[in-house]
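What follows is each chain in one-letter form.
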Amino acid sequence: MYRFLLSRQWVILTLLALVLIPTMVRLGFWQMHRYEERSARNQLVADALAAKPVPVERLTSPGHTVTSSERYRTVTAHGRFDTDDEVVVRRRTNADDEVGFHVLTPFVLDDGKVLLVNRGWIPADGPSQTAFPKIPAPPGGEVTVTGRLMPDETTEASGIKDLKGLPDRQIMLINSGQEAKRLDARVLGGYVAQTAPEPKGDTPEPLGSPGDENAALNYAYALQWWLFAAAVPVGYVILARRERRDREAAAATAEQADDEEADDEEKETTPSPA
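Here's what I pulled together on the structure shown here. Not measured: the values here are computed from a predicted model. (Residues numbered from 1 in each chain as written. Predicted model: local features only at pLDDT ≥ 70, side-chain atom pairs only at ≥ 80, totals over all residues. Heavy atoms only, no water.)

To continue, consider the environment of Pro206. Considering the arrangement of structural elements, one finds Pro206 in the loop between strand S8 (191-196) and helix H4 (215-269). On the basis of relative accessibility, which here comes to 44%, the residue Pro206 falls in the partly exposed class. Separated by 151 residues in sequence, Pro206 and Pro55 have C-alpha atoms that sit 21 Å apart. (Helix = DSSP H or I, 4+ residues; strand = E, 2+ residues; numbered from the N terminus. Buried < 20%, exposed > 50% of the residue type's maximum accessible area, 1.4 Å probe, protein only.)

Relative to the helices and strands, Ala50 resides in helix H1 (residues 8-50). Sequence separation between Ala50 and Lys134 is 84 residues; the distance between their C-alpha atoms is 35 Å.

As a further point, take the pairing of strand S2 (residues 74-81). Across two bridges, strand S1 (residues 54-55) lies against S2 in parallel orientation. When the bridges of S2 are listed, Pro55 appears paired with Thr76. Here S2 pairs with strand S6 (residues 143-150) via six bridges, running antiparallel. Following the sheet pairing, Thr76 is matched in S6 by Thr146. As paired elements, S2 and strand S4 (residues 99-109) share three bridges and run antiparallel to each other. (Pairing = 2+ DSSP bridges.)

Overall, the coordinates contain seven salt bridges when judged by the stated rule. Put simply, Arg34 and Glu37 hold a salt bridge, and the shortest N to O gap is 3.3 Å. One end of the pair is Arg34 and the other is Glu37, both in helix H1 and three residues apart, which spans about a single turn. Overall, Arg34 belongs to the partly exposed group, its relative accessible area being 23%. Assessed through its relative accessible area of 31%, Glu37 is described here as partly exposed. The salt bridge partner of Glu179 is Arg182, with a shortest N-O separation of 2.7 Å. On the criterion of helical spacing, the pair formed by Glu179 and Arg182 is a turn pair, its members being three residues apart in helix H3 (residues 176-183). Salt bridges sharing partners connect three or more residues here, namely Glu57, Asp111 and Lys113. (Salt bridge = Lys/Arg side-chain N within 4 Å of Asp/Glu carboxyl O.)

Moving on, we get to a nonpolar patch on the surface. On the surface, a cluster of nonpolar side chains totalling about 280 Å² of accessible area is made up of Val11, Leu15 and Leu18. With respect to the helices and strands, Val11 occurs in helix H1. Residue classification places Val11 among the partly exposed positions, given a relative accessible area of 36%. (Patch = residues over 30% accessible without salt bridge, like charges linked within 9 Å, V, L, I, M, F, W, Y side chains within 5 Å. Areas by Shrake-Rupley, 256 points an atom, 1.4 Å probe, with all protein chains shown as cover.)

If you want it as structure tokens, here you go:
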């Protein structure tokens, strides 16, 4: 009844189904793994943003690597801005995807250590980014800064190449180790994305808050792949049964045609009565 399954066409179809099913199952598990990763990351971000502000030196120190649990923690620091050693970070975009700079200003703490503060985004003034842009001054004198603690930027994590030979006072990545060498100072690991005090005139433009990753989408994709995997054998059975019915119908039609042809021949050979 199902001997047609041994035909070349159906052997290929069977092998394809046997490959698709485990592949789709594995893709579903991969999407579920991504869902769990994103959910855990979202929870870390939510916990960090909900935590009470703490002095920055409780979480980082010179040479310290900011961990995933410390990232986005709200920290405070008291000291003064050092605009003489201020630099800008190239090729950064704002919420409207406009290309400009991030303003990175050293913040000298009361004990002499330096905290790197990303004060926000400013547009590029000219047709190129070679000239040092005009930067609104930060508050003068002693001030308390609040912001989100961030890890040092790397090419591996950000995908941004650390180009050399840049114009004066311009950098590609915010890296406390490199800035410690440039400033010849004890620089705390990581940097702070400033949230307060807010800039006058909304410039530099404050950095946006970290958003939730769409973990639910990965969950939906996982279910989708598993449904596809379940649909393959169901579809295979439906196709096989349809093929059997079509073959049986074709055989029945051929048999009926043979019977009718035989009847016609019998009538032709039978003599008519006188």
